[in-house]
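# A look at the structure
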Amino acid sequence: MLSISRPMEIDRDLIVRFDTSGPRYTSYPTADRFVEAFDASAYAAWLAKRNIGGISRPLSLYVHLPFCSSICYYCACNKVITRDHARSAKYLRYLDREIALQVEHLSGDRRITQLHWGGGTPTFLSHDELSALMGTLRAQFDFAPEGEYAIEVDPRTADAKTVELLARLGFNRMSLGIQDTSPEVQRAINRIQPVAMTREVLAAARAAGFSSVNFDLIYGLPRQDERTFSATLDEVIGESPERIALYSYAHLPARFKPQRRIADHDMPTGETKLNLFLLAVRRLLEAGYVYIGMDHFAKPDDELSIALRSGRLHRNFQGYTTQAECDLVALGVSSISKIGPVYAQNVRTLDEYYDSLDQGRLAVARGIELSADDLVRRAVIMGLMCQGFVSFESIEIAYLIDFREYFAAELGELASFERAGLVGVTQSDITVTPKGRFFLRGIAMPFDRYLRVDQARSRYSRMI
């Protein structure tokens, strides 16, 4: 299996050679493969079948809160820019309707072991709104005392009292949007966030007993260079968050209108962006953080690092997680649910969302029911993404295939990674090497049947 006891190997030439566009594999099949033929009635049927055989998985709950009071130019999330809290009040009323409707169809127990509020900006909501929404969820679901309950927090919209309230509501994990501490970069992305503001929220989280705080960073932003980003890393490492997410900025102004406000001449070159990535990785590893995979770093004693060492790491739409395989109930616009062998995505706009719920219909726009082939490929891809290891025998026993025969073409495609020392393929398994851990997406991509069919990768972000 992948061993994190061996030191990370960073090879600049290999990064340049194997840096390509590809899915992030928070699901398989990926969301762009969902179809409109899978509709609200199909999703409702699977909610009702969740308890077949008297066994149901624990639940993960995601709530999408799309409102932001100002626009960050880099952002590609599904969001609504407004300062009108009447709009969020209306949205919460409809969220209550959706919660009731999903629960009406949901069979099995309602035990929640994982909760995540994302956005948008969840802390756009007032204290009364935050409390009311959590009250609705607790009335409908059974929250496990030992569960992971996380919220995304914008330090510009939260203070110590907000953090104290979140702790009282039951949140025990927090992700803070940092991106970059340079005032010049912040002006270029329209996100002015003084360091003191972030420190105040972090101190409040620690005082309130939050067990884990994550910092989000982005490299490749306008006006970033090695000097400024090194200063950002100094600040972040000095504050010592339990986890750090290091995201690559994808500049796609043709697809995301806010990015058109970023001047092309302010963008770092490809070489500079690679230098920023290598700088961040080196600094974080030197500071003692463990590279979990993809964008994620964690302290050695963090649950993510422990899960990686013990082979219990999982991956879902919120990234890497310690939670075992859960059914995911997602609420709000554009959110994606996962129940058994199906995915279902809600409509993207508020008007569509309100219209569906006014008609007493789940707000599902599209989804997919996985085929037998999808299921086996998902198992292989998630094994590579999470454990860096796939045992042929375990897949053969679970899915009744001959691995080397079934995946003969795919194993052939791994040859270039194998020659470069990024992966080892034997008669019994695939193992990602320490040198190959930056290339998990690329190593998983040969097993993606949909990519094999159309080879259309321009829609995806680059790995680095």
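Further up the page is the structure itself.
Residues numbered from 1 in each chain as written. Predicted model: local features only at pLDDT ≥ 70, side-chain atom pairs only at ≥ 80, totals over all residues. Heavy atoms only, no water.

Moving on, we get to the overall build of the chain. Scanning the chain from N- to C-terminus turns up 18 helices and 19 strands. Against the globule reference of 23 Å for 464 residues, the chain gives a C-alpha radius of gyration of 22 Å, in line with a compact fold. Based on the C-alpha atoms only, the size of the chain along its principal axes is roughly 60 × 55 × 40 Å. Across the chain, contacts joining residues at least 24 apart in sequence account for 73% of those joining residues at least 6 apart. (Helix = DSSP H or I, 4+ residues; strand = E, 2+ residues; numbered from the N terminus. Rg over C-alpha atoms; globule rule 2.2 N^0.38 Å. Contact = heavy atoms within 4.5 Å.)

Looking at the secondary structure, you find aspartate 154 in the loop between β5 (142-153) and α5 (160-169). Look at aspartate 154 and you get buried, because its relative accessible area is 6%. Sequence separation between aspartate 154 and threonine 198 is 44 residues, and the spatial gap between their C-alpha atoms is 8.7 Å. Excluding residues that lie within four positions of it along the chain, aspartate 154 makes contacts with Thr121, Thr123, Arg191 and Gln193. Polar side-chain contacts of aspartate 154 include one of 3.4 Å to the side chain of arginine 191. (Buried < 20%, exposed > 50% of the residue type's maximum accessible area, 1.4 Å probe, protein only. Polar contact = N/O pair within 3.5 Å; in protein donor to acceptor, adjacent residues only side chain to side chain.)

A few words on empty space enclosed by the protein. Overall, the coordinates contain two cavities of 30 Å³ or more when judged by the stated rule. The calculated volume of the second largest cavity comes to roughly 80 Å³. Considering the residues around the second largest cavity, the lining is formed by 13 residues, among which Ile178, Thr181, Val195, Thr198 and Glu235 are closest to the centre. When residues in the lining of the second largest cavity are grouped by element, the largest group, four residues, is from helix α7 (residues 195-208). Residues that form the lining of the second largest cavity fall into these classes: five nonpolar, four polar and four charged. (1 Å grid on protein atoms, 1.4 Å probe; cavity = no way out; pocket = protein on both sides within 12 Å on 5 of 7 lines; lining within 4 Å. Points joined across faces, edges and corners; volume = space filled by probe spheres on them. Nonpolar A, V, L, I, M, F, W, Y, C, P; charged D, E, K, R; others polar.)

We now examine the pairing of strand β1 (residues 59-65). Counting buried residues in β1 gives seven out of seven residues, a clear majority hidden from the surface. A two-sided burial pattern is seen for β1, the buried positions comprising Leu59, Leu61, Val63 and Leu65 on one face and Ser60, Tyr62 and His64 on the other. Pairing analysis gives seven bridges linking β1 to strand β4 (residues 111-119), with the strands arranged parallel. Residue pairing for β4: leucine 65 is matched across the bridge by glycine 119. Inspection of the sheet shows β1 paired to strand β13 (residues 327-331) by five bridges, in the parallel sense. Directly across from serine 60, in β13, lies its bridge partner leucine 328. (Pairing = 2+ DSSP bridges.)

So, on to helix α11 (residues 350-358). Looking only at α11, the buried set comprises Leu350, Tyr353, Tyr354, Ser356 and Leu357. In an axial view of α11, the angular spread of the buried residues amounts to 160°, which keeps them on one side of the axis. Backbone geometry just downstream of α11 places glycine 360 in the positive-phi region, at approximately 70°. (Arc of directions from axis to C-beta.)

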